[in-house]
Amino acid sequence: MALIVAKFGGTSVASPERIQKVAQRLIAKKQEGHDVVAVVSAMGKTTDELVALAASVNTSPAKREMDMLLSTGEQVSMALLAMAIQARGYQAVSYTGWQAGIATDDNYSSAKIDNIDTHRIREGLETGAIVVVAGFQGITTEGDITTLGRGGSDTTAVALACGISADVCEIYSDVDGIYSADPRVAPRARKLDVVSYDDMLELSSEGAGVLQARAVEFARKYKVVIHSRSAFSDAEGTLIKEVAPSMEQAVISGIAHDTSEMKITMRGLHDEPGIAAKVFSILASNNVSVDMIIQNVSTDGKANISFTFPGSQKENAMEAVNRAAEMLDASQILIDENIAKVSLVGTGMKSSPGVAARAFKTLAENEINILMISTSPIRISVVVDGSQVEAAVRCLHTAFGLDSDTIFEETQLSAEEIAAKMNKGR
Ligand code: ADP
Ligand code: ASP
Ligand code: MG
């Protein structure tokens, strides 16, 4: 008998029929003698719809009220799932984040879990019920509802698995595991059996939306093994766990892409100490999270600075940059809204020189211009024009020998759902 945490994402609970399927699946686990805690996301695109609803009444809503609103999505699915289980003659009890004892800081919209009091979940399990917990939410010490950032139900699942010392943390989604690239963008992507925490954290941080980066960080810290698998099939998925480095390790484990960032260039800045400090202090004070930065100095002694940031922070970024430009006498500000970042990730890169050269040569042969470059010991990222993102992912995937013989086949998703997935981040 095992103690299982099973998380189902938005697509997996998008309709009453799919909720019934999830109920069946959980009951089957119960029948096998396991104790089950389910974590659910909001149904389908509910969270996006709630974001749009908020924007229709206030263009910059208070974060506290946003969390109040967005947390309702998960409450709908948790109650429906509990009802669906009960309708089949099995016991179930649903808990909100705060009922489940998830205490967070008060950083609304991306709160961090401080601790979990699992007594209520344990009580629920002791009565023989399947416990259903609303993902993505917690509560501050003041009693205010918080959310854990987009995709945060993954973090709820990992944190609960850690809190109740579960034997396994299963994360069910519409793909049957972690692939060497987003299989919807690179249909020749290969399903991976195992991915190390380090590689997965880098892939998630660089845009592989299949697992929230914070969930992977949490799992790595507390050694929670994640099993990423399909809500629509019984196929074995991918294990995310600690992997000892080996001689035969692949140089590249996977490729991530991210179309959600934008790029700003400030031209004609004075080339003197303190200029970059001023620009980025103003951006920081406007809560803009800067990703890549390039500075170059031209022969006339003027400097240009380019940087990337999340597109959702465009207003704040532009306001900050305009303010900085006035203060520092910049001659021009340019914004490029349609960029994409493509990242090659692999712990094996550390011991294999020439990866960057091969990546840049491949992009050049495919006439893809590189706008920016950044690296870490286990990653190389390039920024390219948004129109070339798919071509870039595919040619790099082929060049690094990652292509599978088979082509990714979509299971169960409607054409509309696939289109929504493809547009995510744009
Ligand atoms: P959920 O709604 O269940 O949380 P997500 O949409 O957040 O699911 O994550 C699943 C999606 O992640 C897939 O549909 C896929 O398009 C995308 N994805 C991106 N990168 C990868 C990858 N390397 N492997 C698998 N899926 C990926
Ligand atoms: N519903 C939230 C979102 O769409 C949290 C999640 O699905 O994990 O981001
Ligand atoms: Mg997700």
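Let me sum up the structure you'll find in this document. Everything numeric here is computed off the predicted structure, so don't read it as measured data. (Residues numbered from 1 in each chain as written. Chains lettered and ligands numbered in written order. Predicted model: local features only at pLDDT ≥ 70, side-chain atom pairs only at ≥ 80, totals over all residues. Heavy atoms only, no water.)

In the vicinity of ligand 1 there are 20 residues, among which D174, Y179, D182, R184 and K421 approach most closely. Within the backbone of G10, one N or O atom sits 3.3 Å away from an oxygen atom of ligand 1. Between ligand 1 and the protein, one listed contact pairs a nitrogen atom with a backbone N or O atom of Y179 at 2.9 Å. Burial of ligand 1 by the protein chains amounts to 90% of its free accessible area of 570 Å². In terms of residue class, the shell around ligand 1 is built from 8 nonpolar, 6 polar and 6 charged. (Near = heavy atom within 4 Å. Polar contact = N/O pair within 3.5 Å; in protein donor to acceptor, adjacent residues only side chain to side chain. Areas by Shrake-Rupley, 256 points an atom, 1.4 Å probe, with all protein chains shown as cover. Nonpolar A, V, L, I, M, F, W, Y, C, P; charged D, E, K, R; others polar.)

Before going further, it helps to spend a moment on the nonpolar core. Note on soluble globular proteins: their nonpolar side chains tend to be buried together. Of all hydrophobic cores here, the largest spans 41 residues; its most connected members are V5, V37, I121 and V158. Where this core is concerned, the elements lending two or more residues are β1 (3-8), β2 (35-40), α4 (119-126), β6 (130-134), α5 (153-163), β9 (168-173), α6 (197-205) and α7 (213-222). Broken down by element, this core gets its largest block of residues, 5 residues, from α5. Setting aside its immediate chain neighbours within four residues, I121 contacts V37, Y95, A100, V131, V133, L160 and I164. (Core = buried A, V, L, I, M, F, W, Y, C linked by side-chain atoms within 4.5 Å. Buried < 20%, exposed > 50% of the residue type's maximum accessible area, 1.4 Å probe, protein only. Helix = DSSP H or I, 4+ residues; strand = E, 2+ residues; numbered from the N terminus. Contact = heavy atoms within 4.5 Å.)

The subject of this paragraph is the sheet that holds strand β13 (residues 254-258). Strand pairing within a sheet occurs via backbone hydrogen bonds; the two strands may be parallel or antiparallel. The 4 strands are arranged β13-β18-β20-β19 in an open sheet whose pairing can be described as antiparallel. Each edge of the open sheet is held by one strand with a lone partner, namely β13 and β19 (372-376). Strand-to-strand twist in this sheet, taken as the mean axis angle between neighbours without regard to direction, amounts to 20 degrees. Two elements, β19 and strand β20 (residues 379-385), share 5 bridges in a ladder whose sense is antiparallel. (Pairing = 2+ DSSP bridges. Axes fitted to C-alpha atoms, helices over the stretch in contact; angles between N-to-C directions.)

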